[in-house]
Amino acid sequence: MLQIVTAALFALHAQVGDSSPFRALPLPAPNRVRGASGAPGPDYWQQRADYVIRATLDTASSVIRGTERIHYENHSPDTLTFVWVQIEQNLFAKNSVTYALNQPPLHFAGGAVFDFTGKGFIGGITIERFRAAGAELRRTEYGTMMRVELPPSRPLAPRGTIDFDVAWHFPVPPYGGGRMGRIGNRLYEIGQWYPRMVVYDDVHGWNPLPYIGAGEFYLEYGDFDVTLTLPAGFLVAATGTVRNPLAVWTPAMRARLARARSSSQPVQIVTRAEATARGAQRPAGSKTWHITATRVRDFAWAASPDYRWDASSWSGILIQTMYRPGATPWEEANKMAWFTIKHFSETWGKYPWPQATTVEGLVEGMEYPMLTFVPAIEKREDQYWVLTHEFGHEWFPMMVGSDERRYPWMDEGFNTFIDYGSAEGYFRGTAYGDTVRRELLTDYQISAVPGNEQPLITKPVESRDLAWTAYQKPALMLTVLRDEVLGKETFERALREYVRRWTFKHPQPADFFRTMESMSGRDLDWFWRAWVYTTARLDQAIDSVTTAGDTVLVHLSNRGQMVLPVTLALRYADDTGDTLDLPIEMWNLGSRFTARVPTTRRVTGVMVDPRGIYPDIDRTNNRWPPVSPPLPPSPPR
């Protein structure tokens, strides 16, 4: 009988434990690769891929032809008999998944539209050769991915290296999947343009998830040595550092750049009049640009004969903006870029590369190491937002190299969160700067629709509302975590440590969770479960208010699935007030809690979440009595 009773009690305990919002989150077990504290372990490894690329742009046909040598290092404990390579220009192939599905474009706030096709353009990449040690390797294309078989007699052993010799060409689409393309033959923004290695990691092995638009990139780090041959009149902006300035820049440009390298104010490298004059010229011949980049995960470039060019510097970083003469909103862009790089560096970790460039053109917004694509936008606040957002990606995921194909909330979401801080700083003291973050709650009301909302952990290609799940909700989540759970100082110390630990590495969600918890000293499983893995909704309520002697009893309930700390504002009959912060442990014993407020003053009103910063789905039950005069404002924190 005792055994039966014990078993019954154990089963009952398990049921109760499973229903608790504070039950442990079933994360992957820590190991020597990824430690229990969220830091890379002593056996952490990742692969390396270095590229030497020689490419030519024929503007008459808008075809790019290139050769490349990929030096690939196997740092894994596994012997590889084949490799996977990304050939993402096949997004525009006739039989591509995107064209077969005819996916509708994504619409973002501010009117930005991302059409993840080529708008009917048929192209794709042609692989002319893929060799190792002089021998052609057998390869099979699967849309935007290509499997390459290594010679059976020469598999790639742990700590081994291999060099691939590749040649390829493709036509540049007039509009390319929302992320690259051209305007006629006068402006080119080029990304996803060369065969590149798929990530092989300790979590999934190979990661050959197809590129069909919504999911962005997961890439290995390495060094790049690139030469680009273009018509002589073109100016080039690119990832990396120009190594042959005498050959590609005029003496006036070089002199002005030298001034810009010691100036916090923009210096015009190419003026509007000069850009207009250059654009009218058709110099014969071509120029070859030699550019190198160290410790980056990708390489992109843009080119046009029509660019205006402004530059300034902060802390040794050259900050450049390049734009067409008619893009007048960009005349402030360099100041915006300067503030952005400085703000993010001082807040989250120093920008690690020698230059940061943003170019104006047809792409609605896209990021690459040291280079971003941003359109011209008439409204100043919107122009700043897109520019700072794309540069914010230099931290997530260019520095902190998360898996964008699976977890866009870890790059788009983290970046959107830090963007609000950047916008608040640049526009501080204005109505926009002081209220911009409030739009997150408006977005919640629009997008967090029961039955339609999906968890943040949803893959981007499966998301019905990517703007919410990848961008806005993660930003709201981190705002609540900072302001109401951890506090600003603790939160920022933890997030900075996450950036430090995982710069130039590949974090997983569990690494972020564990870092934030170990740095803050808080168990946050309940928080991650509600925000990341479910669509739990918050409904904090005041059930009643009673008095017992010299104590006021505020009877609270948590009527939703999400739990969060509670802030109470109390108003007394003498028109004074108090604010009471109740920690998350108030819900340890269930969904009801009585707050005991020692006071002899008569309470005339109580409000939950007086600053209105929680995504509470029913604010009618946040006040006692249900209809009462406004409470005095809560003191600032």
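Each chain carries its own residue numbering, running from 1 in the written order of its sequence. Thresholds applied to this predicted model are a pLDDT of at least 70 for local features of residues and 80 or more for the giving and counting of side-chain atom pairs; totals over whole chains, interfaces and linings are not thresholded and use all residues. In computing side-chain values, all of the structure's heavy atoms are included and hydrogens and water are not.

**Q** Explain the sheet that holds strand 18 (residues 235-238) residue by residue, including any values.
**A** If you trace the 5 strands from one edge of the open sheet to the other, you get 11-12-13-22-18, paired in antiparallel fashion. Edge positions in the sheet fall to strand 11 (175-176) and strand 18, since each of these pairs with one other strand and no more. Strand direction decides the pairing type here: strand 12 (residues 180-183) and strand 13 (residues 187-190), joined by 3 bridges, are antiparallel. By the bridge assignment, isoleucine 183 is partnered in strand 13 with leucine 187. Two strands qualify as a pair provided that DSSP identifies no fewer than 2 bridges between them. Numbered from the N terminus, helices here are DSSP runs of H or I no shorter than four residues, and strands are runs of E no shorter than two.

**Q** Quick rundown of the sheet that holds strand 3 (residues 82-86)? Include the residues and the values.
**A** Taken in spatial order, the 4 strands line up as 8-9-3-14 in an open sheet, and their pairing is antiparallel. Looking along the sheet, the strands with just one partner apiece sit at the ends: strand 8 (139-142) and strand 14 (196-197). With 2 bridges joining them, strand 3 and strand 14 adopt antiparallel strand pairing. The residue of strand 14 that forms the bridge with glutamine 86 is arginine 196.

**Q** Requested: an account of helix 6 (residues 333-348), with residues and values cited.
**A** The length a helix should cover is 1.5 Å for every residue beyond the first. For helix 6, which comprises 16 residues, the first-to-last C-alpha distance of 22 Å matches the rise-based estimate of 22 Å (1.5 Å per residue) to within 8%. By the criterion of burial, helix 6 is predominantly enclosed, with 12 of the 16 residues buried. Accessible area is worked out with a 1.4 Å probe on protein chains only. A residue is then buried under 20% of its type maximum, exposed over 50%, and partly exposed in between. Looking only at helix 6, the buried set comprises Ala333, Asn334, Met336, Ala337, Trp338, Thr340, Ile341, His343, Phe344, Ser345, Thr347 and Trp348. Where helix 6 terminates, the next one or two residues include glycine 349, which has phi positive at roughly 140°.

**Q** Describe the packing of aromatic side chains, naming the residues involved and giving the relevant values.
**A** Under the pairing criterion, centres of Phe, Tyr and Trp rings, with the six-membered ring standing for Trp, must be within 6.5 Å; the plane angle then separates stacked pairs below 30 degrees from edge-to-face pairs above 60, leaving the rest tilted. Per the stated rule, a full pass over the model turns up 49 aromatic pairs. Between the aromatic rings of tyrosine 211 and phenylalanine 217, the centroid separation amounts to 5.2 Å while the plane-to-plane angle is 50°, which identifies the pairing as tilted. For phenylalanine 217, a relative accessible area of 2% gives the class buried. Aromatic side chains tyrosine 384 and tyrosine 426 sit 4.4 Å apart centroid to centroid with 10° between the ring planes, which places their arrangement in the stacked category. Linking tyrosine 384 in helix 7 (residues 380-392) with tyrosine 426 in helix 9 (residues 412-426), this pair joins segments that are 42 residues apart in sequence. Residue tyrosine 384 is classed as buried on the basis of its relative accessible area of 0%. By relative accessible area, which is 18% here, tyrosine 426 ends up buried.

**Q** So what's going on with the nonpolar core? Residues and values would help.
**A** The criterion is simple. A nonpolar core is a set of buried Ala, Val, Leu, Ile, Met, Phe, Trp, Tyr and Cys residues joined through side-chain atoms within 4.5 Å. Ranked by size, the top nonpolar core spans 189 residues in total, and within it Phe164, Trp193, Trp301, Phe512, Phe527 and Leu556 carry the most contacts. The element contributing the most residues to this core is helix 12 (residues 466-486), with 9 residues. Residue contacts are counted whenever heavy atoms from the two residues lie within 4.5 Å of one another. Not counting residues up to four positions away in its chain, the partners in contact with phenylalanine 527 are Met477, Val480, Leu481, Val485 and Leu564. By size, the runner-up hydrophobic cluster in this structure holds 10 residues, among which are Leu106, Phe114, Phe116 and Ala470.

**Q** Break down the pairing of strand 6 (residues 126-132) for me, with residues and values.
**A** Inspection of the sheet shows strand 6 paired to strand 10 (residues 161-171) by 5 bridges, in the antiparallel sense. Pairing of threonine 126 across the sheet is with histidine 169, part of strand 10. Relative to strand 7 (residues 135-136), strand 6 runs antiparallel, the two being bridged by 2 bridges. From the neighbouring strand, alanine 132 faces strand 7, where its bridge partner is alanine 135. Connecting strand 6 to the next strand, strand 7, in antiparallel fashion are 2 residues, including alanine 133 with a positive phi near 55°.

**Q** Explain the confidence of the model for the protein residue by residue, including any values.
**A** Averaged over all residues, the pLDDT of the protein equals 94, while 95% of them reach at least 70. Confidence per residue, as judged by the predictor, is encoded in pLDDT with a range of 0 to 100. Note on residues 12-16: pLDDT under 50 across the span, and 0 contacts to partners over four residues away in sequence or across chains.

**Q** How would you sum up the packing of helix 9 against helix 12? Please name residues and give values.
**A** Where helix 9 contacts helix 12, the axes come no closer than 7 Å and their chain directions differ by 60°. It follows that helix 9 is oblique to helix 12 by the angle criterion. Classified by chirality, the crossing of helix 12 by helix 9 is right-handed. Counting all contacts with helix 9, which are made through Glu412, Gly413, Phe414, Thr416, Phe417 and Tyr420, the residues of helix 12 involved are Ala470, Tyr471, Gln472, Pro474, Ala475, Leu478, Thr479 and Arg482. Counted by class, the contact of helix 9 with helix 12 contains 8 nonpolar, 4 polar and 2 charged residues. Whenever a helix is involved, its axis is fitted only over the stretch in contact; in every case the axis is a line through C-alpha atoms, and angles between N-to-C directions fall within 0 to 180 degrees. Here the word oblique covers every angle except those under 35 degrees (roughly parallel), over 145 (roughly antiparallel) and from 65 to 115 (roughly perpendicular). Each crossing gets its hand from how the near helix is turned against the far one by less than a right angle, where anticlockwise is left-handed and clockwise is right-handed. In this count, Pro and Cys sit with the nonpolar residues alongside Ala, Val, Leu, Ile, Met, Phe, Trp and Tyr, while Asp, Glu, Lys and Arg are called charged and the others, Gly among them, polar.

**Q** Please provide a residue-by-residue account of helix 4 (residues 251-260), values included.
**A** Because each turn of an α-helix spans 3.6 residues, side chains separated by three or four positions in sequence point in the same direction. Considered for burial, the residues of helix 4 that qualify are Met253, Arg256, Leu257 and Ala260. Buried residues of helix 4, seen end-on, are gathered within an arc of 105° and therefore sit on one face of the element. Facing away from the buried side of helix 4 by more than 90 degrees, the exposed set consists of Pro251 and Arg259. Residues of helix 4 that are buried make contact with strand 18, strand 20 (267-270), helix 5 (272-280), strand 23 (308-314) and strand 24 (317-323). The directions considered for the arc are those from the helix axis to the C-beta atoms.

**Q** Could you give an account of the side chain of aspartate 616, naming the residues involved and the relevant values?
**A** Among the structural elements, aspartate 616 can be located in the loop between strand 33 (603-608) and strand 34 (623-624). Within this scheme the basic residues Lys and Arg register as positive and the acidic residues Asp and Glu register as negative, but His and the chain ends are omitted. Every case where a carboxyl oxygen of Asp or Glu lies within 4 Å of a side-chain nitrogen of Lys or Arg is listed as a salt bridge. Comment: no salt bridge for buried aspartate 616; closest opposite-charge side chain is arginine 619, at 5.4 Å. Nitrogen and oxygen atoms within 3.5 Å of one another constitute a polar contact, given that in protein one can donate a hydrogen and the other can accept it, and given that sequence-neighbouring residues count only through two side-chain atoms. At 3.0 Å, the side chain of aspartate 616 forms a polar contact with the backbone nitrogen of glutamine 540. Non-local contacts of aspartate 616, meaning those with residues more than four positions away in its chain, are made with Leu538, Asp539, Gln540 and Asn622.

**Q** So what's going on with the pattern of salt bridges? Residues and values would help.
**A** By the definition in use, this model includes 35 salt bridges. The shortest N-O distance in the salt bridge between arginine 34 and aspartate 202 comes to 2.9 Å. Taken as a pair, arginine 34 in the loop between helix 1 (2-19) and strand 1 (48-58) and aspartate 202 in the loop between strand 15 (200-201) and strand 16 (205-206) lie far apart in primary sequence, 168 residues in all. Aspartate 609 is paired through a salt bridge with arginine 619; the nearest N and O atoms lie 3.0 Å apart. One end of the pair, aspartate 609, is in the loop between strand 33 and strand 34; the other, arginine 619, is in the loop between strand 33 and strand 34, and 10 residues separate them in sequence. Residue aspartate 609 is classed as buried on the basis of its relative accessible area of 6%. Residue arginine 619 is classed as partly exposed on the basis of its relative accessible area, which comes to 35%.

**Q** Tell me about unusual backbone geometry, residues and numbers included.
**A** A cis amide bond links phenylalanine 396 to the next residue, proline 397, at an omega of 15°. Inspection of the secondary structure assignment puts proline 397 in helix 8 (residues 394-399). Across the junction of tryptophan 624 and proline 625, the peptide omega takes the value -10°, indicating a cis bond. Examined against the element boundaries, proline 625 turns out to sit in the segment after strand 34. Of note in the backbone geometry, serine 62 takes a positive phi value of approximately 55° without being a glycine. Here the phi dihedral of arginine 295 falls at roughly 55°; this positive angle occurs in a residue that is not glycine. For arginine 295, the position within the fold is in strand 21 (residues 286-296).

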